[in-house]
Structure formats: C-alpha cells, structure tokens
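What the coordinates show
Below are the chains, spelled out letter by letter.
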Amino acid sequence: MINNNLLLIGICGGSASGKSSISKYILNYFGTNKCGIIEVDSYYNDLSHISFKEREKKNFDHPDAFDFNFMHEQLLSLKNNISIQIPIYDYKTHTRKNDFKKISHQKIILIEGILTFYNKRIRDILDMKIFVDTNEEVRIKRRIKRDMRYRKRTYDSIIHQFKSTVIPMHNKFIEPTKEYADFIITNGVKNTIAMEKVISNIISMINNKN
C-alpha cells in the first residue's frame, strides 16, 4: 500500500555547506515523531573487502562511491509503507558497521547529502528539493574543524583531500544539480527568511496530502 502522506525532502549542497544544520532545524520544528533524517553517506559502498590502504585511495566525493540502487530501493520501500534499516557508515574505516538505523512511519523524511540530487531516479521521487549554497572558503574552514575534531584527520590530509577531490568533484557533480532545487538557501540555517519559507511550504504540502 503506497503511503501518499509521506513527504520526501532532499537537502543537497557541497561538503560542510550546512546541510546537517538545516536538516536538524526542520527535524526540531516538526519533532522526531513526524520527521526523520536519512544521510546519503549511509549508502557509501562497503569497502571491507579491500585493505585499509586501498580504501584510503578511493575518491569519496565521486558518485561511484555510493550505492544509489540500494538507496532508491529503500526509499521506494518507505513510499510503500515498509520500514527500512539504513546502514551506519564508519568514516574512520570506510566500512559499514554491523548496526542499523530504523526508519518507519514518519510523515517527513529528509534525505541529506552532497549528491542527493545526482541520481535521476532518486531525484524524481523527492517532493521538495533544497540546495544549500555556501562559498568554498567557509566550507573548507568548517571541514577542517569537523574532520580534525570528529574524524581524527590531520590538517594536511584535510587540505590535500579538499583540493584534490572535494573541489573538482563539487564543480563537476554537485554544483550543476543546483538547477533542480525548489529552494536555494544561502547563509545556511542563519537565513531565517528562507527557513521560514521552507517550513511554510512543508506545512502546506502536508495539509494538501491530508
């Protein structure tokens, strides 16, 4: 049975653009009983079959790093009122953990990631698309702070990765998907006018589905 009341909202943007903050803002507004978050990063390919040295050589900002088929399959399950178990990805080892995150009967599911709009089949089942547009200088500062604190990376390795893969992949695969957005948000969650518009539109869409 198709769940016509479910809203799938995509939140896309470059690395460290503020996607998570916007997702959390929407989640806090509607509450966890109504709203859930799916991170596109959860669908990174599991690299446990190759050595750690080989894993580190992979380009994690390229679309080939993701299992979009599995992601699409799980989103369709939600649309069909079937609960799903989302993989939990370990950034330190580049593998999937043995645990899962369960998503079931929320009215709003936020799908958040750098390549949320890249795959057409996923894009086509989204009810709303939000692109978080943040300049490169701000993003690299946030990335350094985040990766050093939470992912135990060195400053040099972060800068090297940002310049060698993050920037070129952003320009090639992420920035062009901005054209699909219903909303483009600059200044992230601090843009209160944009956030009010997003919330208002979500409420209208919920009311139209009821």
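Residues numbered from 1 in each chain as written. Predicted model: local features only at pLDDT ≥ 70, side-chain atom pairs only at ≥ 80, totals over all residues. Heavy atoms only, no water.

1. Overview of the packing of helix α1 (residues 19–30) against helix α7 (residues 192–209)
Geometrically, a packed helix pair is captured by the angle between its two axes and the distance between the axes. The N-to-C vectors of α1 and α7 enclose an angle of 50 degrees; their axes lie 11 Å apart at closest approach. When the interaxial angle is binned, α1 and α7 end up oblique. Remark: the crossing between α1 and α7 carries right-handed chirality. Facing α1, whose interface residues are Ile 22, Tyr 25, Ile 26, Tyr 29 and Phe 30, α7 presents Met 195, Val 198, Ile 199, Ile 202, Ile 203 and Ile 206. (Axes fitted to C-alpha atoms, helices over the stretch in contact; angles between N-to-C directions. Helix = DSSP H or I, 4+ residues; strand = E, 2+ residues; numbered from the N terminus. Parallel < 35°, antiparallel > 145°, perpendicular 65-115°, else oblique. Left-handed = near helix turned anticlockwise from the far one by under 90°. Contact = heavy atoms within 4.5 Å.)

2. Quick notes on the nonpolar core
Counting 32 residues, the largest nonpolar core has Ile 38, Phe 66, Met 71, Leu 75, Leu 78, Ile 109 and Ile 111 as its most contacted members. If one sorts the elements of this core by residue count, helix α3 (residues 68–79) sits on top with four residues. Those residues in contact with Leu 75 that sit more than four places away from it in its chain are Ile 38, Ile 111, Ile 122 and Ile 125. Ranked by size, the runner-up nonpolar core spans 22 residues in total, among them Ile 9, Cys 35, Val 198 and Ile 202. (Core = buried A, V, L, I, M, F, W, Y, C linked by side-chain atoms within 4.5 Å. Buried < 20%, exposed > 50% of the residue type's maximum accessible area, 1.4 Å probe, protein only.)

3. Thoughts on the pairing of strand β2 (residues 35–39)
Of all the five residues making up β2, four are buried; the element is thus mostly covered by neighbouring parts of the structure. Here β2 runs beside strand β5 (residues 108–113); their pairing, made up of five bridges, is parallel. Bridge assignment links Glu 39 to a residue of β5, and that residue is Glu 112. (Pairing = 2+ DSSP bridges.)

4. Concerning the packing of helix α5 (residues 136–150) against helix α6 (residues 155–174)
Their axes nearest at 10 Å, the elements α5 and α6 cross at an angle of 135 degrees. Relative to α6, α5 is oriented oblique. For the pair α5 and α6, the crossing hand works out as right-handed. On the side of α5, the interface is formed by Glu 136, Arg 139, Ile 140, Arg 143, Ile 144, Asp 147 and Met 148, while α6 contributes Tyr 155, Ile 158, Ile 159, Gln 161, Phe 162, Val 166, Ile 167 and His 170. Split into classes, the residues belonging to the contact of α5 with α6 amount to nine nonpolar, two polar and four charged. (Nonpolar A, V, L, I, M, F, W, Y, C, P; charged D, E, K, R; others polar.)

5. Re the layout of surface pockets
By volume, the largest pocket amounts to about 1300 Å³. As for the largest pocket, its lining consists of 40 residues, and the residues nearest its centre are Tyr 91, Arg 143, Arg 146, Asp 147 and Arg 151. Elements supplying a minimum of two residues to the lining of the largest pocket: α1, α2 (52–56), β5, α5 and α6. If one sorts the elements of the lining of the largest pocket by residue count, α5 sits on top with seven residues. Space inside the second largest pocket adds up to approximately 220 Å³. As for the second largest pocket, its lining consists of Ser 17, Gly 18, Ser 21, Asp 133, Thr 134, Asn 135, Val 138, Arg 142, Asn 187, Gly 188, Val 189 and Lys 190. Along the lines of polarity and charge, the residues of the lining of the second largest pocket split into two nonpolar, seven polar and three charged. (1 Å grid on protein atoms, 1.4 Å probe; cavity = no way out; pocket = protein on both sides within 12 Å on 5 of 7 lines; lining within 4 Å. Points joined across faces, edges and corners; volume = space filled by probe spheres on them.)

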